[in-house]
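# Analysis of the macromolecular model
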Amino acid sequence: MAFAKNFVSFLLMTTIFGVSLGAVYEVGDSAGWSTMGNVDYNKWASSKNFHVGDKIVFNYNNQFHNVKQVSHQDFQSCNATSSIAVYTSGSDSITLKSLGHYYFLCGVPGHCEAGQKVDIMVTPVSFRPSASPNYASSPSRSSPLTPPSHATNTAPSHQCFQLWSAFVSLAIFVGACFGY
């Protein structure tokens, strides 16, 4: 019975501290998802390190824009007719669930051609400082390319806090189980 009580305590602690290691990125930062403001979305994406579990948020006026996830080929040609997924809420949160490329564009005619498209590359998490990992080159969503050497994650303190919270919660749980 004590184990069940301790397990419930552990679950409550992890819920309170939000033991999700995913960062949240607003596409285009404060400019959002728009043709206004001359945002270079691929430059924006290349300045980030995206990992499995991270969320990207597209904020836009849904009367004038949308978000379509497309294949690499459709991304290159700005073809929005055969989408993998379509988002139209104006505030779309998408969890990155696997390694590789995610291609998004605005399906409104002319917007993709004007630059309203972004290639999000999800890479493995590295907990030790080292050079960027090398990956085989492929345009598919499941095979990532080498990220730019200047790529940096803009949310490391959030991830470190959540990782620290997870370790503290685990220590409390183990201590409670063994009577420390």
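Cut-offs applied
- Residues numbered from 1 in each chain as written.
- Predicted model: local features only at pLDDT ≥ 70, side-chain atom pairs only at ≥ 80, totals over all residues.
- Heavy atoms only, no water.
- Pairing = 2+ DSSP bridges.
- Helix = DSSP H or I, 4+ residues; strand = E, 2+ residues; numbered from the N terminus.
- Axes fitted to C-alpha atoms, helices over the stretch in contact; angles between N-to-C directions.
- Buried < 20%, exposed > 50% of the residue type's maximum accessible area, 1.4 Å probe, protein only.
- Disulfide = S-S within 2.5 Å.
- Phe/Tyr/Trp six-rings, centres within 6.5 Å; stacked < 30°, edge-to-face > 60°.
- Lys NZ or Arg CZ within 6 Å of the ring centre and 35° of its normal.

Right, let's talk about the sheet that holds strand β4 (residues 85-87) for a bit. Taken in spatial order, the four strands of this open sheet run β4-β3-β6-β7, and their pairing is antiparallel. On the outer flanks of this sheet lie β4 and β7 (117-122), each paired with one strand and no other. Neighbouring strand axes in the sheet, compared pairwise and without regard to direction, differ in orientation by 25° on average. As defined by bridge partners, strand β3 (residues 67-70) adjoins β4 across three bridges and the pair is classed as antiparallel. Looking at the pairing, K68 lines up with V86 of β4.

What follows covers the pairing of β7. Taking burial as the measure, the six residues of β7 include five buried ones, the bulk of the element. Bridge count for strand β6 (residues 100-105) against β7 is six bridges, and the pairing is antiparallel. Bridging from a neighbouring strand, Y102 pairs with I120 of β7.

This paragraph deals with the state of the cysteines. Applying the stated criterion to the full structure yields one disulfide. Between C78 and C112 runs a disulfide, and the two sulfur atoms are separated by 2.1 Å. Because the sign of the S-S torsion sets the handedness, a value of about -70° for the bond joining C78 and C112 places this disulfide among the left-handed ones. You can see C78 sitting in the loop between α3 (72-77) and β4 and its partner C112 sitting in the loop between β6 and β7, a full 34 residues away along the chain. Per residue, the accessibility class of C78 equals that of C112, and both read buried. Sulfur of C106: no disulfide; nearest cysteine sulfur belongs to C112 and is 8.4 Å away. What makes C106 buried here is its relative accessible area of 2%.

It is worth spelling out the packing of aromatic side chains at this point. Following the criterion strictly, the structure yields seven aromatic pairs and no others. Ring centres of W33 and Y41 lie 4.9 Å apart, and the angle between their planes is 55°; on these two criteria the pair is classed as tilted. We note that W33, like Y41, is buried. Their ring planes at 85° and their centres at 4.9 Å tell us that W33 and F58 sit as a pair that is edge-to-face. Here F58 lies in strand β2 (residues 55-59) and W33 lies in the loop between β1 (24-26) and α2 (41-46), a separation of 25 residues in the sequence. One exposure class covers both W33 and F58, and it is buried. Members of the aromatic cluster, each reached through a chain of ring pairs, are W33, Y41, F58, Y102 and F104. Its end group placed over the ring of F75, K117 keeps NZ or CZ at 4.6 Å from the ring centre.

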